[in-house]
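Here is how the chains run, residue by residue.
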Amino acid sequence: MTPFSLFFHRLASPPYFYELSKPWGRVFAWLALVLILTALYGGLWLAPRDFQQGNGYRIMYVHVPSAWMSLFVFMVMAVSAFVGLIWRLRLAYAVAAASAPLGAAFTAVALVTGSLWGKPMWGTYWVWDARLTSELILFFLYLGFITLNRSFEDQQTGDRAAAILALVGAIDVPIVHYSVDWWQTLHQGSSFKGLTSEIAPAMLWPLLVMMAGFTFYYGWLVLWRTRSEILLRESDREWTRRVIGS
Amino acid sequence: MGLDVKGLELRRGRRLLASSLSFEIPNGNFMELSGPNGSGKSTLLRVLSGLGRLETGQLFWEGQPFDRTGDTHRSRTLYLGHSDGLKGALSGLENLSLFASFRELRHFEEPVQTALEFYGMYRFRDVPCMRLSQGQRRRIALCRLMAFPAPLWLLDEPTTALDPLGIERFMSHLSDHLARGGLAILATHQSLIERLRPTMQLRLGRAG
Amino acid sequence: MGLDVKGLELRRGRRLLASSLSFEIPNGNFMELSGPNGSGKSTLLRVLSGLGRLETGQLFWEGQPFDRTGDTHRSRTLYLGHSDGLKGALSGLENLSLFASFRELRHFEEPVQTALEFYGMYRFRDVPCMRLSQGQRRRIALCRLMAFPAPLWLLDEPTTALDPLGIERFMSHLSDHLARGGLAILATHQSLIERLRPTMQLRLGRAG
Amino acid sequence: MNPWIRFFRTEVGLSWRERRRVLLPLVFFVIVASLFPLAMSPRPEVLKLIAPGVIWVDAMLAIFLGLESLFRQDYEEGVLEQWILSPSSLELRVFLKVISFWTVTSLPLIAMSPILVLWLSFPVRALVVLLVGLFLGTITLSFLGALGAALTVSLRQSGMLVAILLLPVATPILIFGAHSALLASEKQNPRPALYLLATLFFLTVGLVPKAISTALKVSYEV
Amino acid sequence: MNPWIRFFRTEVGLSWRERRRVLLPLVFFVIVASLFPLAMSPRPEVLKLIAPGVIWVDAMLAIFLGLESLFRQDYEEGVLEQWILSPSSLELRVFLKVISFWTVTSLPLIAMSPILVLWLSFPVRALVVLLVGLFLGTITLSFLGALGAALTVSLRQSGMLVAILLLPVATPILIFGAHSALLASEKQNPRPALYLLATLFFLTVGLVPKAISTALKVSYEV
Ligand code: HEM
Ligand SMILES: Nc1ncnc2c1ncn2[C@@H]1O[C@H](COP(=O)(O)OP(=O)(O)OP(=O)(O)O)[C@@H](O)[C@H]1O
Ligand SMILES: Nc1ncnc2c1ncn2[C@@H]1O[C@H](COP(=O)(O)OP(=O)(O)OP(=O)(O)O)[C@@H](O)[C@H]1O
Ligand SMILES: [Mg+2]
Ligand SMILES: [Mg+2]
């Protein structure tokens, strides 16, 4: 075994992960806190008023990161589902199950903030355009995943069934992302093309920092939630009894 | 050599049914699986067939470890569970022909006919299975064992709903199978099998 | 007096199974119904219960002709067919409480508990039936007979999937029922009922 | 407790037990409603016209999809045999079963419909008419659907068959229902359509339970 | 005869045996298509706009309604156990089963759609695009529906659940399909939408049979 696959194997063992996730979770939590506070400062104080939108655009600092997370989390779920199905790693299923409610929450936030932003921008809370609708569908996919995962008496059956759904549903992620290019929509086109961007740097950097902050926030939450998912799945094992006992 | 099972842990859902089962069935022998209701007989058969989940334990065939879900194991195994596995809308003959297609067999008419005659179902061969009586359906299911020979039989209460004549038939069929070097595990409650002494008996414990 | 059947013609679909059945079962006795697979045992029980169609023939209870589909007949009859009649999503206890509601009973907790204990299913009372083994489900179904007494039992292979202890229990339950003046018709293949000699035996013919 | 109430509670409880079961029809309702603007036209002036139709077709689908298996499982588990052989009123039992189904699936759906319909640019003032219509209509449709389920309980793969048996019967309900809402939204008089709906409602609730219980009995007489 | 062909013939034959099986989806299709104008708006200019959407939603419903029980019966009769335990390719068997289903239900439906769509004031010139789209789309939807059926085969009362799991995945197909026909009817270029449909088609046909067979195995591993 190469050192890398050795590391991978050790990490995949639930007790080891359980140990390791605690310090890493702390690190992620602190990073998230610092980044989000910095971004808030940058976005709410330093960034200038927009000459068209006034201060309204600042909702972007919540909307865009949560929209981005809604896609990112689903990709994480699809990858874990794949790993779980191929290598039969229970840890991967735990990660997917822990991610789903978080992803659903991010999606909901993106939908709500988008709607709120839509009222001043488009004059209505909701239009049936491609990006909005596909994001809504993504939300239903999350719900479907959660429902299916909980539908079986046996947790492993639920995990694997939901994993299959996550893999098939992953097709929606590119559709959400490219919807603005494929159809003419009311929604803003992609602002990031490669490394160049149309947004003024003073507005842009807080956004990027905020996105990093959201990602670490998710990282912290998912580690934390995965720990309890593992305990649930391994509750009849020796090591869990030790952990719970201590 | 036959089938060799080592250190098998039997679970159903979260219930631990047996912690370490080991047994060996030489070719030409059969094992009677008994135990109170809910002790795990069906579960064991499902695990050996490849349906249920195997968590810990090793399986060997002729001394070689094998993959329960591989085609080699599948083509040497016939499993008959609590349910007959017959499509109600199809007749007995059609069901058997469908089963032949599962085994990718081309020529099966003759053995199927022999089997139907042996189990006294030849005259009912064209009746849709949903219009057969419970025991008649069971007989059709047993025809599978005769028409499509395989060395390993995993049978879950195979004589349920059979009349005495049917049981008779099944017993002589089973002893043929054993004589030809076949292996079988039978879950059963009444040791009906008086004529044939099982080589092995495995008694599973009290329902966990 | 008990149950009296006169000139019953037994059909299933287009198949004539018996042309003129007549028998009488006095109170406190039971009849063993035997015959090869497909001879019409289940069909006869269904007709008597009121499920199947009755074409010709007369039925009397205590000397009086009766309507099979009337409430009087229903409340004195308990039928247990090949299927257990349990809702898989409900636990044993819930299933029995549901059955009590079918009979419009208000107070049933105590007899149900006694029955569950008698059949050794008290510890499984809260497990959804779909997660019980075949024999465990059968035991729950038999609990119905104990918790909701009725004079006439129509049982179709009641001991299927039961382990020896379960059969033992059922036998003692049956003899209690008879001692209390109850009546029963049992379709069965193996005359397991060694201890209790059936008063009557009806052998149906070769499958028509 | 009264045995009938216990029966009703068990039926409702079976769905309540898993909270999500109750949510399913809601989610279904929302997803299907969002299909139409996607597949047809997202323009508010068109949406406004089709909104009541969408809601009604959607409600009907949700009901029929759920009803198709109303008796199926009881049949296969042999519980229906016990229903029929029990000495209590089969009609009343059927009535309660349908109402329990309606409580669990359609009631939340009716509660949800105002949000959906506004989302589809439907005017607020016609809401009451829509709700009254849905209330009458969903009960009627539930009984009709149950009749279809009972007629086909002993057949296999009957989903489609039920739909076809019932669609012609259900169509008038759908039309009166959708039209009453549409009329109200266009400030016209929706009363006549609602009265027709109410007539169908009383006819169905009065007669159909009897028909259902006969259908169930017949399916055993092989 | 080749065993696989025999299997396919048995599956198709089972539906053919009872002629009505083949007619049912068709009748369903026609009735639902006629419901929309009734429930929504009979005006030609509106109808023309919603016609492709109606056909597509209708086809999707017909497919999903029929598919919901695709494996159900085989599961309950214990035939699926034998599928899984047989030494031949489960994927190929699943593939044939879905295709046989499609042949019996969707093919007649595609053949029927021109009549329906003209009835809904849809222009003739866009017919080819509609048919190509329906051909690709119904196969794709059938595989997706089969996946839903496989995922939930061991659950009870799953009709609604299947719909909820699959509608989100199926929506893109619906959108691309309906849009390609709409674009064609408005003399715009429908190619890109059709290409996307074709991409989804190949992805699905290539990967989903594997997913279905895994799902079937998983549902036995309790
Ligand atoms: C309910 C309404 C809305 C929804 C569901 C929604 C959804 C989304 C999604 C999913 C993304 C991320 C796309 C990706 O990462 O590929 C996004 C990005 C974005 N949204 Fe929205 N949005 C909504 C309303 C709005 C409104 C009203 C505005 C402002 C006019 C807006 C401005 C943006 C911007 C600037 C981005 C970043 C652009 C990019 O890089 O792709 N959104 N939105
Ligand atoms: N689908 C299921 N899910 C979870 N647990 C189950 C399931 N089926 C059975 N069990 C449990 O597993 C245990 C073993 O069941 P199994 O069916 O193997 O018993 P068995 O020995 O075959 O009994 P029987 O003689 O009644 O057929 C039982 O205690 C039962 O409660
Ligand atoms: N649903 C049905 N429709 C039509 N005919 C049927 C049906 N079920 C059974 N039959 C036929 O009726 C006859 C009697 O069946 P029945 O089930 O009464 O037999 P049985 O004596 O109970 O047999 P077993 O011992 O196998 O349970 C059989 O020959 C069978 O072919
Ligand atoms: Mg068993
Ligand atoms: Mg019988």
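Just above sits the structure.
A brief structural summary. (Residues numbered from 1 in each chain as written. Chains lettered and ligands numbered in written order. Predicted model: local features only at pLDDT ≥ 70, side-chain atom pairs only at ≥ 80, totals over all residues. Heavy atoms only, no water.)

On to the overall build of chain D. Looking only at helices and strands, chain D features nine helices and zero strands. From first element to last, N terminus to C terminus, chain D shows the α and β order α-α-α-α-α-α-α-α-α. Projected onto the principal axes, the alpha-carbon positions of chain D cover approximately 55 × 35 × 35 Å. Expressed as a percentage of its 222 residues, the buried residues of chain D come to 67%. Across chain D, every contact between residues at least 6 apart in sequence was considered, and the portion connecting residues at least 24 apart equals 80%. Surface exposure of chain D reaches about 7600 Å², of which carbon and sulfur atoms provide 69%. Of the charged side chains in chain D, 17 are positive and 12 negative; the average position of the first set lies 8 Å away from that of the second. (Helix = DSSP H or I, 4+ residues; strand = E, 2+ residues; numbered from the N terminus. Buried < 20%, exposed > 50% of the residue type's maximum accessible area, 1.4 Å probe, protein only. Contact = heavy atoms within 4.5 Å. Areas by Shrake-Rupley, 256 points an atom, 1.4 Å probe, with all protein chains shown as cover. Lys, Arg positive; Asp, Glu negative; His and termini not counted. Charge placed at Lys NZ, Arg CZ, Asp CG, Glu CD.)

Further remarks concern the interface of chain E and chain B. Every contact between the two is made by 29 residues of chain E and, on the other side, 32 residues of chain B. Interface of chain E and chain B: buried area, both sides summed, is about 2900 Å²; carbon and sulfur atoms make up 51% of it. On the chain E side of the interface with chain B, the three residues burying the most area are Gln82, Leu85 and Pro87 of chain E, jointly 24% of the side's total. Remark: the boundary between chain E and chain B carries two salt bridges. (Buried area = accessible area lost by both parts, 1.4 Å probe. Salt bridge = Lys/Arg side-chain N within 4 Å of Asp/Glu carboxyl O.)

This paragraph deals with the relation of the copies chain D and chain E. With an RMSD of 0.2 Å, the fit of chain D onto chain E corresponds to turning through 179° and sliding 0.2 Å along the axis. Both chain copies can therefore be described as sitting about a two-fold axis. Of the residues that chain D buries at the interface, 98% are likewise interface residues in chain E, meaning the two copies contact each other through the same surface. (Least-squares fit on C-alpha atoms with pLDDT ≥ 70 in both.)

It is worth spelling out the sheet that holds strand β3 (residues 30-34) of chain C at this point. All names here are of chain C. Ordered by their spatial adjacency, five strands build an open sheet running β6-β7-β8-β3-β9, and the pairing between neighbours is parallel. Only two strands of the sheet have a single partner each, and these edge strands are β6 (77-80) and β9 (200-203). With direction set aside, neighbouring strand axes in the sheet form an average angle of 15°. Pairing of β3 with strand β8 (residues 183-187), which is carried by four bridges, proceeds in the parallel orientation. Considered in β8, the bridge of Phe30 is made with Ala184. Against the sheet, helix α1 (residues 41-49) engages β3, β6, β7 (152-156), β8 and β9, with an angle of about 150° to β7. (Pairing = 2+ DSSP bridges. Axes fitted to C-alpha atoms, helices over the stretch in contact; angles between N-to-C directions.)

Residues and elements named next belong to chain A. Of all residues adjacent to ligand 1, which total 23 residues, the nearest are His63, Arg131, Glu135, His177 and His187. His63 is positioned such that a nitrogen or oxygen atom in its side chain is 2.9 Å from a nitrogen atom of ligand 1. Within the side chain of Arg131, a nitrogen or oxygen atom sits 3.4 Å from an oxygen atom of ligand 1. Looking at the shell around ligand 1, the elements that each hand over two or more residues are α3 (60-87), α4 (90-122), α5 (130-150) and α7 (172-182). Here the shell around ligand 1 gets seven residues from one element, more than from any other, and that element is α4. (Near = heavy atom within 4 Å. Polar contact = N/O pair within 3.5 Å; in protein donor to acceptor, adjacent residues only side chain to side chain.)

Within the protein, the magnesium ion (ligand 5) binds to Ser42 of chain C (OG) and His82 of chain C (NE2); these donor distances fall in the range 1.9 to 2.4 Å. A residue pair is termed long-range when its members are at least 10 positions apart, and Ser42 of chain C in helix α1 and His82 of chain C in the loop between β6 and α3 (92-102) qualify at 40 residues. (Donors = N, O, S within 2.8 Å, 3.2 Å for Na, K, Ca; no water.)

Here we take up helix α4 (residues 109-118) of chain B. Residue and element names in this part refer to chain B. Listed as buried for α4 are Val112, Ala115 and Leu116. Down the axis, α4 shows its buried residues gathered within 100° of arc, on one side only. Where α4 is buried, its residues meet α3 (92-102) and α5 (134-147). Residue Gly120 follows α4 closely and has a positive phi angle near 65°. (Arc of directions from axis to C-beta.)

This part takes up the nonpolar core. Membership of the largest hydrophobic core comes to 367 residues, with the highest contact counts inside it found for Phe170 of chain C, Phe71 of chain D together with Phe71 and Ile212 of chain E. Leaving out residues up to four positions away in the same chain, Phe71 of chain D has contacts with Leu80, Trp83, Lys97, Ala146, Ala149, Ala150, Val153, Ile212 and Leu216 of chain D. If you look at the next biggest cluster of nonpolar residues, it comprises eight residues, including Tyr18, Leu91, Ala94 and Trp239 of chain A. (Core = buried A, V, L, I, M, F, W, Y, C linked by side-chain atoms within 4.5 Å.)

With that out of the way, let us pick up the pattern of salt bridges. With the rule as written, the count across this model stands at 27 salt bridges over all chains. Residues Glu229 of chain A and Arg233 of chain A are paired through a salt bridge, measuring 2.6 Å at the closest nitrogen-oxygen approach. Highlighted residues: Glu229 of chain A and Arg233 of chain A, both in helix α8 (residues 201-233), separated by four residues, approximately one helical turn. Grouping residues by exposure puts Glu229 of chain A and Arg233 of chain A together as buried. As a salt-bridge pair, Lys210 of chain E and Glu91 of chain E come within 3.8 Å of each other at their nearest N and O atoms. Of this pair, Lys210 of chain E sits in helix α9 (residues 191-220) while Glu91 of chain E sits in helix α6 (residues 90-119), and the two are 119 residues apart along the sequence.

Under the counting rule described, the total for this entry stands at 32 aromatic pairs over all chains. With a centroid separation of 6.3 Å and an interplanar angle of 85°, the aromatic rings of Phe71 of chain D and Trp83 of chain D are classed as edge-to-face. Of this pair, Phe71 of chain D sits in the loop between α3 (44-67) and α4 (72-76) while Trp83 of chain D sits in helix α5 (residues 79-85), placing them twelve residues apart in sequence. The same class applies to Phe71 of chain D and to Trp83 of chain D, which are both buried. A network of ring pairs unites the aromatic residues Phe99, Phe102 and Phe148 of chain B together with Phe7, Phe71 and Trp83 of chain E as a single cluster. Just above the ring of Tyr122 of chain C sits the side chain of Arg125 of chain C; from NZ or CZ to the centre is 4.0 Å. Directly above the ring of Phe7 of chain E sits Arg93 of chain E, whose terminal nitrogen or CZ lies 4.8 Å from the centroid. (Phe/Tyr/Trp six-rings, centres within 6.5 Å; stacked < 30°, edge-to-face > 60°. Lys NZ or Arg CZ within 6 Å of the ring centre and 35° of its normal.)

Residues and elements named next belong to chain A. For α4, built from 33 residues, the straight-helix expectation of 48 Å at 1.5 Å per residue is met to within 8% by its first-to-last C-alpha distance of 46 Å. Ala100 marks where α4 bends most, by close to 30°; the proline Pro101 follows one to four residues later. Downstream of α4 by one or two residues, Gly123 has phi in the positive range, about 85°. (Expected span 1.5 Å × (residues − 1). Bend = angle between axes of the 7 residues up to and from the residue.)

All names here are of chain A. A grouping of Trp30, Leu33, Val34, Leu37, Leu40, Tyr41, Leu44, Trp45, Leu46 and Trp205 is seen on the molecular surface, where their side chains present a nonpolar patch of about 1100 Å² in accessible area. Of the residues forming the nonpolar patch, the biggest block, nine residues, is contributed by helix α2 (residues 14-46). On the secondary structure map, Leu33 appears in helix α2. Owing to a relative accessible area of 44%, Leu33 belongs among the partly exposed residues under this scheme. (Patch = residues over 30% accessible without salt bridge, like charges linked within 9 Å, V, L, I, M, F, W, Y side chains within 5 Å.)

This next bit is on the side chain of Ser106 of chain E. Residue and element names in this part refer to chain E. On the secondary structure map, Ser106 appears in helix α6. Note on Ser106: relative accessible area 0%, which makes it buried. The contact partners of Ser106, leaving out residues within four places of it in the chain, are Ile63, Phe101, Thr138 and Ser142.

Time to look at the pairing of β6 of chain C. Residues and elements named next belong to chain C. Residues Thr77 and Tyr79 point to one face of β6 and Leu78 and Leu80 to the other, with burial holding for every one of them. Judged from the four bridges that link them, β6 and β7 form a sheet pairing that is parallel. If you follow Tyr79 over to β7, its bridge partner there is Leu154.

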